[in-house]
Amino acid sequence: MQLNPHAFNGDGDLELAEWLESLDDILRCQGAGRAREILCALQERLVGSGIQPDGVPLNTPYRNTIPLSQQPAYPGNLQLEQRIEKMIRWNALAMVLQAADSGAGVGGHIATYASAATMLDVGFNHFFRCRDSDYGGDLLNVQAHAAPGIYARAFMEGRLTERQLGNFRRQLQPGGGLPSYPHPRQMPGFWQAPTASMGLSTASAIYQARFAKYLQARGLKPDNGGKVWNFIGDGEADEPEVLGTINIAAREQLDNLVLVVNCNLQRLDGPVRGNGKIIQELERSFRGAGWQVIKVVWGGGWDTLLQNDRLGVLQKRMDQALDGDYQMYSTRSGGAQRQHWVENSPELAALMSSLTDEEVGEIRRGGQDPKKLYAAFARAAQTSGRPTVILVKTVKGDGLGASTQGRNTAHQKKQFSAAERIAIGQQLGIPLADEALARADFYRPAEDSEEACYLRQRRRALGGAMPYRRVDCAPLPAPDRALLDDFFNGSGDRALSTTMAAVRIMARLLKDRGIGKYLVPIVPDEARTFGMEALFREAGIYAPGGQQYQPVDADSLSPYREAEDGQILQEGICEAGAMASFLAAGTAYANHGIPTIPMYIFYSMFGFQRVGDMIWSGADSMCRGFLLGGTAGRTTLNGEGLQHQDGHSHLLASTVPNMRGYDPAFAYELAILLREGIEAMYTRGEPVCYYITLYNENYSMPAVEPEERARIESGVKRGIYLFQPAESGAGQGASVQLFGSGSIMQQVLQARELLAEWGVAASVWSVTSYTELARDAERVEHRKRMEPGTGHQSRLQEALAGVEGPIVACTDYMRALPASISRWVPGPYATLGTDGFGVCESREHLRQYFEVDAASIAYAALAALCDQGEVSADNLRLWGTELGVFDGFPRAMENEFLGGESGG
């Protein structure tokens, strides 16, 4: 829009008008690039003169970014596409209505898809491409609440049956049904990614786009295109994971990423920004972060009015009106809308006088105009060098009648009367009788109809049906056992931690010809904490532009080396970003056909507790890989205290059904588990993930005798094995069984020696996974219930067959972890653990405080023998005094978390 210089008054205004005319002339004759160059030079001169401008405006006027003059011709058959869109709208609505009519109370959402229908149809008809030999393939994340529309399109294409649609949100019904939201685990050949947890899809999409670039840089994926299209709602942008992760997308120039924000101006309860403008707010955020921002605010019906707005009065009114106003406009008649637009402005009244009230009411927003949407999508698809966000203005519940469209209650609308259904169906032109419309029957045109043929033709041109999840990834061989032989030989006099052992195993695997190139080490700015700096020199840290500076430690043995083809993903202080990278690497087998193996090592306290929702999303995605909880346990981390000491991550991990949690004590156990995990996930293709805890306590690692290796390997994988039997002939008839895990195993071994001094023989068992033992026992118990009379036995029962004496289990985690197997343990069973908050102390005193030190373990064993009558109460008190367990040192069990007085 050119400004009329005669609209200015006075010399100053005339001078400004001349500047504006000059700018218009530059734009017209030399283009936008030259205009931008001149404006930047003027700003630099101003700053150089000591005058700080108010800042480069991060907002453009409240109008479409792409003017009519730059709008490309629409390539499709608009008439046909609009008829198809209406049919899909009806079927999406009918799914929810039929679910409501069933009386099952399963719910459903209608309004979100009604607002997003046009933009998604433009994408499906012209942009979303499948992976093939020549193209990398697009990843498509849709708003979770818009799922009915995606199902309805798949029904129109013949991918889903009428029975499946009729069983929306009822997956256990005869003939199958459909889940409420995008869940790859429940529809593994359909959905590409879960989006039902608000905010997570944006972070996931950003790091998926980044990982595609990583794969290209490392030569694992050809540079053959592929976009990540991520659709979210404007209210969803309030989630911190959305705006909190956008900087990396611009910093790493992720031009393969397109974020589409459906700005229907409504949250679940009311307006997103009733007193502001969410589109302008998001534009500021994304422009400030360096994204290309494309706004699709107004439909084509506004083009003529905006072109004729010589005085800028319409644009001024558009800029002034708030989202609360616009939400209200969408519920009003054309005449009422005109009154609000004009607001005592004769100039605006004159401008809009060319339209009737009916025409004013029919003017659409940009999100309902396929031509405007196509222009925005086309520019985003062609953009190079930076990510794109498209801010699309829509109406929530568009086309669903006065009781729903634009109303605060639109999100909760799940039912319509028969009259409303008939009216909506007739408005959409659905060729069904009124009785069928009242029942909300589905409608699919004949196979040879124009609509059906057009649908198939458009998807064939784009490579096939979408969304579509295809796994065509060749299995990886597990690493040769000989590669890890060293870890079975023990460390001799050298002390090392399981964390150090993990890094050494990782280094060994990185050099393996079979799987080394597929390994993806991930760390959130704690590599040196975990001793991973030795990997920097050889593997390198991924950086798209390489290392353009000389690191301060360039002359050291382990310099901080960034490289364009670096293998390590060092994510900075961002657990959410690191977890998103883990999800991207762990799903590459499906998204790219590349079996990358993520090994994400982190402070165990900041894993499940901090990004548990993303871990659950990974389970839904059937993500593969290793989560390595470093500096694990409540008592191994000296001096750190409450918010660093982890005593519950294994319990949290146990809530994820496909997460296999292990707590190894020794280097060889870790080697066995990492090899087994690779074989399970990448050779056998099991849809599981592994959580393994690592400790920072150094001690001598034992060796494994060759003849014992097979037995121990089996026991480690199954969850329990006898590590050290009671000495033959030891004791005076009294015997106990001690269970140990992780670094607490060292306290268990010391307790065994203490017990020997009082003539008690103790066998030591290594329990690598209470979770797997409990799950197996539950499965066997269920099998016996369903197959009465059979003699099934669990792994735990098999291992402990014939074992005598009470059992004491000790862990650096809460007692609930070992207690999870108590039902299947023969004889008396005592559990010791670290319930309560962490405390800033030395390792020795922490263990005394939580009663998981050697003396406390030995005393618990003696107390169990006392309960059986094998040790007298007098001797128990005597030995307890000698062990020091009655000393005045404060105890966690007496602390305030259990209601007692503070231990100080």
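Here, the structure is the one placed above.
All values reported here derive from a predicted model rather than from experimental measurement.

Chemist: Can you explain the pattern of salt bridges? Please cite residues and give values.
Modeler: Applying the stated rule across the entire model yields 45 salt bridges. Across the pair Glu679 and Arg675 runs a salt bridge, and its minimum N-O distance is 3.4 Å. In this pair, Glu679 and Arg675 both sit in helix H27 (residues 667-683), four residues apart, roughly one turn of the helix. Using a relative accessible area of 13% as the deciding quantity, one classes Arg675 as buried. Notably, a salt bridge pairs Arg684 with Glu679, separated by 3.9 Å at the nearest N-O pair. On the basis of relative accessibility, which here comes to 42%, the residue Arg684 falls in the partly exposed class. Residue class for Glu679 comes out partly exposed when judged on its relative accessible area of 22%.

Chemist: Explain the sheet that holds strand E12 (residues 626-630) to me, and be specific about the residues and the numbers.
Modeler: Strands sit in the order E10-E7-E11-E12-E14-E13 across an open sheet of six strands; the sheet is parallel. On the outer flanks of this sheet lie strand E10 (569-570) and strand E13 (659-662), each paired with one strand and no other. Pairing geometry for E13 and strand E14 (residues 689-693), over four bridges, is parallel. The residue of E14 that forms the bridge with Arg660 is Tyr690. Helix H21 (residues 498-510) contacts strand E7 (519-523), strand E11 (597-603) and E12 of the sheet and is inclined by roughly 145 degrees relative to E7. Together, E7, E10, E11, E12 and E14 form the strand contacts of helix H23 (residues 575-586), whose direction differs from that of E11 by roughly 160 degrees.

Chemist: Help me get a handle on the nonpolar core, residues and values and all.
Modeler: If you look at the biggest cluster of nonpolar residues, it comprises 173 residues, and the most contacted ones within it are Trp291, Phe626, Leu627 and Leu738. If you tally residues by element for this core, the top one is H27, at eleven residues. Those residues in contact with Leu738 that lie beyond four places of it in its chain are Val748, Ala751, Arg752, Leu755, Ala762, Ser763, Val764, Trp765, Val808, Ile857 and Ala861.

Chemist: If you had to explain the packing of aromatic side chains to someone new, which residues and values would you point to?
Modeler: Considering all chains together, one arrives at 43 aromatic pairs under this definition. Ring geometry for Phe127 and Phe377: centres 5.6 Å apart, planes at 70 degrees, overall edge-to-face. Separated by 250 residues along the polypeptide, Phe127 in the loop between helix H4 (111-126) and strand E1 (139-141) and Phe377 in helix H17 (residues 370-382) bring together distant segments of the chain. For Phe127, a relative accessible area of 11% corresponds to the buried category. The exposure class assigned to Phe377 is buried, which follows from its relative accessible area of 0%. The structure contains a cluster of three or more aromatic residues connected by ring pairs, namely Tyr74, Phe124, Phe127, Phe128, Trp229, Phe231, Tyr374 and Phe377. Above the face of the Phe606 ring, Arg610 is positioned so that its terminal group lies 5.9 Å from the ring centre. Here the basic side chain of Arg624 rests over the ring of Tyr682, its NZ or CZ set 5.8 Å away from the ring centre.

Chemist: Lay out helix H18 (residues 418-427) in plain terms, naming residues and giving numbers.
Modeler: For H18, the complete set of buried residues consists of Arg421, Ile424 and Gly425. One face of H18 carries all of its buried residues, which in axial projection span an arc of 100 degrees. Turned more than 90 degrees away from the buried face of H18, the exposed residues are Ala419 and Gln427. Tucked into the core, H18 has its buried residues touching helix H3 (78-101) and helix H19 (434-439).

Chemist: Got a sec to walk through the side chain of Thr499? Specific residues and values, please.
Modeler: In this structure, Thr499 sits in helix H21. For Thr499, a relative accessible area of 6% translates into the label buried. In this view, Thr499 contacts Phe530, Ile601, Thr631, Leu694, Tyr695 and Asn696; residues no more than four positions away in its chain are not counted.

Chemist: Requested: an account of the side chain of Asp812, with residues and values cited.
Modeler: Here Asp812 lies in the loop between strand E19 (807-810) and helix H32 (816-819). For Asp812, the side chain forms a polar contact with the side chain of Thr635, separated by 2.8 Å. The residues touching Asp812, leaving out its near neighbours within four places in the chain, are Ala632, Gly633, Arg634, Thr635, Thr636, Asp646, Gly647, Tyr695, Ile744 and Thr834.

Chemist: Describe the packing of H3 against H18, listing the residues and the values that go with them.
Modeler: Two elements in contact, H3 and H18, have axes whose closest approach is 10 Å; the angle formed by their N-to-C orientations is 165 degrees. The orientation of H3 relative to H18 falls into the category roughly antiparallel. The handedness of the crossing between H3 and H18 is left-handed. Here H3 contributes Lys86, Trp90, Leu93, Leu97 and Asp101 to the contact with H18, which in turn contributes Arg421, Ile424, Gly425 and Gln427. Of the residues that constitute the contact of H3 with H18, the class distribution is four nonpolar, two polar and three charged.

The rules we used
The residue numbering used here restarts from 1 in each chain and proceeds along that chain's sequence as written. For a predicted model such as this one, the threshold for reporting local features is a pLDDT of at least 70, and the threshold for listing and counting side-chain atom pairs is 80 or more; totals across whole chains, interfaces and linings nevertheless cover every residue. Only hydrogens and water are removed before side-chain values are computed, so all heavy atoms of the structure are retained for them. One side-chain nitrogen of Lys or Arg within 4 Å of one carboxyl oxygen of Asp or Glu is enough to make a salt bridge. Helix and strand assignments follow DSSP, with helices taken as H or I runs no shorter than four residues and strands as E runs no shorter than two, numbered in order from the N terminus. When accessible area is computed with a 1.4 Å probe and restricted to protein chains, residues below 20% of their type maximum are described as buried, those above 50% as exposed, and intermediate ones as partly exposed. A pair of strands is treated as paired once DSSP finds two or more bridges between them. Should any heavy atoms of two residues lie within 4.5 Å, those residues are considered in contact. A fitted line through C-alpha atoms represents every axis, and for helices the fit uses only the stretch in contact; the resulting angles, taken between N-to-C directions, go from 0 to 180 degrees. Here, nonpolar core refers to any group of buried Ala, Val, Leu, Ile, Met, Phe, Trp, Tyr and Cys residues whose side-chain atoms link them within 4.5 Å. Aromatic contacts are taken between Phe, Tyr and Trp rings whose centres are within 6.5 Å, Trp giving its six-membered ring; a plane angle under 30 degrees counts as stacked, one over 60 as edge-to-face, and the others as tilted. Put simply, a charge is over a ring when the Lys NZ or the Arg CZ is close to the ring centre, within 6 Å, and near the line of the ring normal, within 35 degrees. It is the directions from the helix axis to the C-beta atoms that the arc portrays. Within 3.5 Å is the distance limit for a polar contact, defined as a pair of N or O atoms, with the added protein rule that one can donate a hydrogen and the other accept it, and that residues adjacent in sequence qualify only through two side-chain atoms. Any angle that is under 35 degrees is reported as roughly parallel, and any over 145 degrees as roughly antiparallel; angles of 65 to 115 degrees are reported as roughly perpendicular and all others as oblique. Working rule for handedness: look at the near helix, and if it is turned counterclockwise from the far one by less than a right angle, call the crossing left-handed; if clockwise, right-handed. In the scheme used here, Gly and all other residues not listed as nonpolar or charged are polar, with Ala, Val, Leu, Ile, Met, Phe, Trp, Tyr, Cys and Pro taken as nonpolar and Asp, Glu, Lys and Arg as charged.

Interpretation in functional terms is not warranted from these geometric data alone.
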